[in-house]
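# Commentary on secondary and tertiary structure
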Amino acid sequence: MTIDKSTIGGIAIALAGIGIGLALDGGKLAQVLQPTAALIVLGGTIGAVMIQFPLKIVLQALVHLKDVFLNATPESDYLVQNLLRYAYKARKEGLLSLDAELAKIKDPFLKESLMLAVDGVSADDLRKMMELQLDYQGEKDERIPKVFDAAGGFAPTIGIIGAVLGLIQVMQRLQDINEVGKGIAVAFVATIYGVGAANLLFLPWAGKLRIRIRERQVIQEMTLEAVLSIINGVNPRALELQLSSYMAASPKRGPQKVVNQ
């Protein structure tokens, strides 16, 4: 795992831009650091999200949040090397010779696909079975970004609720005009928190997670096509050309460390 410089850099630039703009406008950082407003927005948003989604999905979204800040070790190149090696071995020694490779494979999707192939499942049946699994997993994965999309929709509204609550408190102290001005300023901080959290955190997180999910799907689609080609006895050189199209759809993210698949 490596730190995603785009995510960290983007958050830093956004906060720096807002902070510098505030300072140039004569404001102070202390004016927007309001724990009460943050509690209202954060607590209200989390509560609304938990009402919309089952707790299991919310917890899954929190677990997958690491994918926004960390890049998984790229594996596509090494996976292609393994798939080509399996293709050469199957062409030379027969499909059953790949049975010895199954114990070394760590990728569940590849292992299951290859195991079915070795067991004699036809290419058509294997495609139907694994595509059904891909569709099911895709539906489950789609729920993860939707959690943060929902949070991005709720946060600004919760911020308005926080602002209104602040204004209610201000109206109870109308006799002190000096306190009224300060109170109004503090009240609107909740709106800033709501809009800021939605547009700087929740919605961008959802977008990044969709990219990560699609990258994994491309790898699995590539794996399935390779296994089907091995079953059909496609020439390994032709298979290499076929896999290159999937490699183009799955961008590399830095140097790789070779690991067993």
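Remember, it's a predicted structure, so these values are computed and weren't measured experimentally.

The terminal C-alpha atoms of helix 9 (residues 189–231), which comprises 43 residues, lie 62 Å apart, in line with the 63 Å expected from a rise of 1.5 Å per residue. Of all the bends in helix 9, the greatest measures close to 40 degrees and is centred on Ala 198. At the C-terminal side of helix 9, Gly 233 shows a positive phi close to 75 degrees.

Attention shifts here to the environment of Val 164. Within the element layout of this structure, Val 164 appears in helix 7 (residues 123–171). Here Val 164 falls in the partly exposed class, since its relative accessible area comes to 43%. For the pair Val 164 and Phe 188, spaced 24 residues apart in the sequence, the C-alpha separation amounts to 8.3 Å.

Take the packing of helix 1 (residues 5–24) against helix 9 next. Packing of helix 1 against helix 9 leaves a shortest axis separation of 12 Å and a crossing angle of 155 degrees. The orientation of helix 1 with respect to helix 9, classified from their angle, is roughly antiparallel. With respect to the hand of their crossing, helix 1 and helix 9 are arranged in right-handed fashion. Touching Ser 6, Thr 7, Ile 11, Ala 14 and Ile 18 of helix 1 are Leu 200, Leu 201 and Lys 208, all from helix 9. Per-class residue counts for the contact of helix 1 with helix 9 are five nonpolar, two polar and one charged.

Positionally, Asp 4 belongs in the loop between strand 1 (2–3) and helix 1. In terms of polar contacts, Asp 4 uses its side chain to reach the side chain of Lys 208, at 3.5 Å. A polar atom in the side chain of Asp 4 sits 2.4 Å from the side chain of Arg 212. The residues contacting Asp 4, other than those within four sequence positions of it, are Val 68, Phe 69, Leu 70, Asn 71, Lys 208 and Arg 212.

Moving on to helix 6 (residues 108–118). All of the buried residues in helix 6 are Phe 109, Leu 110, Ser 113, Leu 114, Leu 116, Ala 117 and Val 118. Of the surrounding secondary structure, the elements contacted by the buried residues of helix 6 are helix 5 (76–93), helix 7 and helix 9. The opening residue of helix 6 is Asp 107, an N-cap whose side-chain oxygen sits 3.2 Å from the backbone nitrogen of Phe 109. Once helix 6 finishes, Gly 120 follows within two positions and takes phi at roughly 95 degrees, a positive value.

Across all of its chains, the model carries three aromatic pairs by this definition. Here Phe 148 and Trp 205 contribute two aromatic rings whose centre-to-centre distance is 5.7 Å and whose plane-to-plane angle is 90 degrees, an arrangement assigned as edge-to-face. Of this pair, Phe 148 sits in helix 7 while Trp 205 sits in helix 9, and the two are 57 residues apart along the sequence. An identical accessibility class is assigned to Phe 148 and Trp 205; each is buried. Relative to Trp 205, the ring of Phe 202 lies with its centre 5.9 Å away and its plane at 80 degrees, an arrangement referred to as edge-to-face. Residue Phe 202 and its partner Trp 205 are located together in helix 9, separated by three residues, close to a single helical turn. Three or more aromatic residues link up through ring pairs in this structure, and these residues are Phe 69, Phe 148, Phe 202 and Trp 205.

Our next topic: the pattern of salt bridges. Across all of its chains, the model carries nine salt bridges by this definition. Residues Glu 101 and Lys 89 are paired through a salt bridge, measuring 3.1 Å at the closest nitrogen-oxygen approach. Within this pair, whereas Glu 101 is found in the loop between helix 5 and helix 6, its partner Lys 89 is found in helix 5, the two being separated by twelve residues in sequence. Overall, the relative accessible area of 5% leaves Glu 101 in the buried class. Note that Arg 127 is salt-bridged to Glu 131, the shortest N-O span being 3.3 Å. Linking Arg 127 with Glu 131, this pair stays in helix 7, spanning four residues, or about one helical turn. Since its relative accessible area comes to 28%, Arg 127 is described here as partly exposed. Three or more residues are tied together by salt bridges with common partners; here these are Asp 4, Lys 208 and Arg 212.

Conventions we followed
- Residues numbered from 1 in each chain as written.
- Predicted model: local features only at pLDDT ≥ 70, side-chain atom pairs only at ≥ 80, totals over all residues.
- Heavy atoms only, no water.
- Helix = DSSP H or I, 4+ residues; strand = E, 2+ residues; numbered from the N terminus.
- Expected span 1.5 Å × (residues − 1).
- Bend = angle between axes of the 7 residues up to and from the residue.
- Buried < 20%, exposed > 50% of the residue type's maximum accessible area, 1.4 Å probe, protein only.
- Axes fitted to C-alpha atoms, helices over the stretch in contact; angles between N-to-C directions.
- Parallel < 35°, antiparallel > 145°, perpendicular 65-115°, else oblique.
- Left-handed = near helix turned anticlockwise from the far one by under 90°.
- Contact = heavy atoms within 4.5 Å.
- Nonpolar A, V, L, I, M, F, W, Y, C, P; charged D, E, K, R; others polar.
- Polar contact = N/O pair within 3.5 Å; in protein donor to acceptor, adjacent residues only side chain to side chain.
- Phe/Tyr/Trp six-rings, centres within 6.5 Å; stacked < 30°, edge-to-face > 60°.
- Salt bridge = Lys/Arg side-chain N within 4 Å of Asp/Glu carboxyl O.

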